[in-house]
Amino acid sequence: MAVAEAQLYSKVSSKPRGRGTSALLEPLLAKGFPAHLAQKALVATGQKTVEDAVKWLHSHCNDPSLDDPIPQEYALYLCPRGRLHSRLQDFWRESKRQCGKNRAHEVFPHITLCDFFTCEDQKVELLYDVLKKVGDSFSQIFPPSIFLTLHASPSYLGFFIDDSQANILKDFAVAFSMEASALADCHVKPSLKQFHLTLAHRFYPHHQKTLEQLAKCINPGEPCQWVAALYSRDMRFVHYQMLRALFQYKPQNIDELMINAGDLVYVDPRQQSEAGEGWVIGTSHRTGCRGFLPENYTERALESDTWVKHREYVFDTAPRSFTKTEKDVKPNGEAHNLSMSRSVTNVLSLQNAALRRGVLVMSHGERVDQVFGKSWLQQCLTTDGKYYRADLNFPSSLPRQKDSMKQFECDPPLSCCGIFQSRLIGEALLEQEVTVSSVYSSPALRCVQTAQHVLQGLKLNQKVRIRVEPGLFEWTKWEASRAIPKFMTVAELVEASYDIDTSYRGNFPLSSLVPSESYEDYVSRSSAVIKHIISACPCKGRSVILIVGHASSLAPLTRALTGLPSRDSRDFAQMVQKIPALGMCFCEEQKEENKWQMVNPPVKTLTHGANAAFNWRNTIMED
C-alpha cells in the first residue's frame, strides 16, 4: 500500500459508524448489496436515484478499491445562475482561446464558502439536512444582489465581494460549518478570507492586459440568482491530472485499461516513468480499474469534471435581482438576447481590434524511415541500384539528385501516408478559410514536401512559394551521423517540381549549421529565425505565416515569439517525443501591445492508429 493511501486509511479507520437507513438505501439492501457498498455507490452518484447507484456498482465490480473505507471530500460553493453565469462562461471560453488554460479553468465560476472536508458515507444525508436548515435561516437576510468589484494583479484576476455582503456570506458559512460539525461529526472549516470569484489564476504576466480587457466585458450587475451547492470529489486523486477519452480502446494485454469515448481517467504524473513512449498509466473514473492506455486516445479534462453535485439551496432573490426598467423588457425573451448580443459584440470587437497576423508552426508528416527503419533505402533498391516501391507506403518515386541516392538515408522523404496527412491538413485549413500568405520550411526534404502538399490542399500551389530557411532545421545534436545532412539544393527542388521561392535568401546559410550544437545555441538560433521571419512578413490583415519544421521546432519558435523562457534542456527530449506528425502550435499577434500569444490552432490534430505489415502466406496458410 502506498504511503499516501495508508495515511488516508488511518484517517477513517477509527471513526464510529453511523446508524439509520435512507429511502434510497433500503432498495439496494433488498437487492443483496452490502450496506457499506450501497452507501458508497449512493454517495458516488450524489444520492440521486437507486438506478444510478446500481449502475455504479455494476461498473465498479472489478474495482480493486471498492471495499476501501475512504470517504469522499465535500465543499460548499456559492454559484451564480442566470445572465451573470452566461457572461462568466463567455469569459471562460474566450480567455482560454486567447491566452490558453490557467488554473481558474479547472473549476466552474464560484465563491468558496467552505473548503473541502471529509464526511463518512453514512452521514452525508445529514449534510443535506444542514444545508436546508441553514439556508432557510438565512433566506430572508441573504443579499438581494451581490456587488462585485474587479481586482487584478500579475497572477490573479477576479471579483471581490463587498464587505457588508461578504460578512453575511461568512456568517452563512460559519453556521453551516458549526451545524455540520455537530450533526455529521466532520471537521468543516468555513472560508474567512476575502470572499472572491476567481476569473483567472496563475497565468503568464504578459496575458494580464488581455484578460483584464475581456473581464471588463462582464457586467457584474447582470441579473443573477445565487445557489449554495454541495459538491464531492474522490480524495485519493486530488493532485492527479484528468484525461478524457476521445475514442474507445479495447485492451490488447492484461495490464491495459478498457476505456469508452467520454470516459474520465485519473493520471498521476509521478508514476509515468513506468509507461512506454506514447502510453500513460491511469485509473478509470467510471470503473475504478487501473492500467495502461494510449495517450493519443485522450485529451486534457478539467479537475471538476469528476466532481459530483449532491444538493443545492437556491436563494430566492428573483423579485429583487431580476427587476428591469420598462425599456429593457421586450417580448419573447428579447431583453436576454439583447444583453447576450451586446456582451458577445464587446468580446468580438476586442478580438478584431487586437488580432492581426497568425503564425502556424507545424512538424512534418510521417517520414519513411519512421515506418521502415533507417535501412529503408536498402529495401527499395534493386541489385543494379534502381529504386522500386517495396510497400505501398513507400513513395512512388524519389526526386532526382546529382549525387548518390544514398543522400536520402540522411534526408529521408515523406511516406505516402505522410503525403496524405499533409494534404489533409491543407484541406482542413481551406475549409476553415485560413489565409496563408507566406510559407517557410526547413531544408529537410520531408519538411519541403509537407509544405508542398499542405499548399496543394489549400489550393495555393504555384500561388504561394516555399521559402527554404536552413535556420529551421532541427537540433543538430540529434543527427545520428554527427554531420549536417546534404540537402537537395534549391535548383534540384525546382527541377523536381516543388514550388520554391528562388529569390529567397535564408537568414542562416547552410554553412552556419554546426554539428552537435548545444541546446542553448539551438534555442538562440530558433529565436533569431522566428524574429527574422516576423520582420520579413508585414501585416496583411488576418493573414497566417506557415512554418514547417520538426517536432523540436514547436517549443523554441513559439516560446521565443510569445516571450516565454525556453524549456529546461532536461525535459526537452521527453516533450518532443510526445509531438506527433503534423503537430501544430498557433500564435496570434496582439497589435496594440506588439506581442504574441498562443491560442488553439485553426484545425484539429490528426490521430490514427498503426497498420503493421501483413504476410498472407505466413498468417493464413500456415497451421
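What you are looking at is a predicted structure, and each value in this text was computed from that prediction instead of being measured.

Asker: How should I be thinking about the environment of Leu-429 in this particular structure?
Answerer: Looking at the secondary structure, you find Leu-429 in helix 14 (residues 416–431). Distance from Leu-429 to Lys-604, taken between C-alpha atoms, is 9.6 Å for residues 175 residues apart in sequence. What Leu-429 contacts, discounting residues up to four positions off in sequence, is Leu-360, Val-434, Val-454, Leu-458, Pro-602 and Val-603.

Asker: I tried to follow unusual backbone geometry on my own but got confused; where do I start?
Answerer: The general pattern is negative phi for most residues beyond glycine and trans for most peptide bonds. The backbone of Glu-433 shows a phi angle near 60 degrees, a positive value even though the residue is not glycine. Note on placement: Glu-433 falls in the loop between helix 14 and strand 14 (436–441). Owing to a relative accessible area of 69%, Glu-433 belongs among the exposed residues under this scheme. Phi is positive for Gln-462, close to 75 degrees, though the residue is something other than glycine. Along the chain, the position of Gln-462 falls in the loop between helix 15 (445–457) and strand 15 (466–468). Taking the relative accessible area as the measure of exposure, Gln-462 reaches 59% and is therefore exposed.

Asker: It is not clear to me how the packing of aromatic side chains should be interpreted in this structure. Could you clarify?
Answerer: Two numbers describe a pair of aromatic rings. These are the distance of the centres and the angle of the planes. This structure, assessed with the given rule, holds 28 aromatic pairs. Centroid distance Phe-237 to Tyr-266: 4.0 Å. Interplanar angle 10 degrees. Geometry classified as stacked. Of this pair, Phe-237 sits in the loop between strand 6 (225–234) and strand 7 (241–245) while Tyr-266 sits in strand 8 (residues 264–267), and the two are 29 residues apart along the sequence. Of the two residues, Phe-237 and Tyr-266, both sit in the buried class. Taken together, a centroid distance of 5.6 Å and an interplanar angle of 85 degrees make the contact between Tyr-249 and Tyr-297 edge-to-face.

Asker: Quick question: what am I supposed to make of the packing of helix 17 (residues 519–536) against helix 18 (residues 554–562) here?
Answerer: At a minimum axis separation of 8 Å, helix 17 and helix 18 run at an interaxial angle of 60 degrees. As summarised for this structure, helix 17 and helix 18 are arranged oblique, according to the angle between their axes. For the crossing formed where helix 17 meets helix 18, the hand is right-handed. Together, Tyr-522, Ser-526, Ser-527, Ile-530 and Ile-534 of helix 17 and Pro-556, Leu-557, Ala-560 and Leu-561 of helix 18 make up the contact between the two elements. Within the contact of helix 17 with helix 18, the residues separate by chemical class into seven nonpolar, two polar and no charged.

Asker: Is there a simple way to think about the pattern of salt bridges in this case?
Answerer: Applying the stated criterion to the full structure yields 30 salt bridges. Between Lys-374 and Asp-369 there is a salt bridge whose closest N-O contact spans 3.3 Å. Exposure remark for Lys-374: the relative accessible area of 58% places this residue in the exposed category. For Asp-369, a relative accessible area of 7% corresponds to the buried category.

About the criteria used
Residues numbered from 1 in each chain as written. Predicted model: local features only at pLDDT ≥ 70, side-chain atom pairs only at ≥ 80, totals over all residues. Heavy atoms only, no water. Helix = DSSP H or I, 4+ residues; strand = E, 2+ residues; numbered from the N terminus. Contact = heavy atoms within 4.5 Å. Buried < 20%, exposed > 50% of the residue type's maximum accessible area, 1.4 Å probe, protein only. Phe/Tyr/Trp six-rings, centres within 6.5 Å; stacked < 30°, edge-to-face > 60°. Axes fitted to C-alpha atoms, helices over the stretch in contact; angles between N-to-C directions. Parallel < 35°, antiparallel > 145°, perpendicular 65-115°, else oblique. Left-handed = near helix turned anticlockwise from the far one by under 90°. Nonpolar A, V, L, I, M, F, W, Y, C, P; charged D, E, K, R; others polar. Salt bridge = Lys/Arg side-chain N within 4 Å of Asp/Glu carboxyl O.

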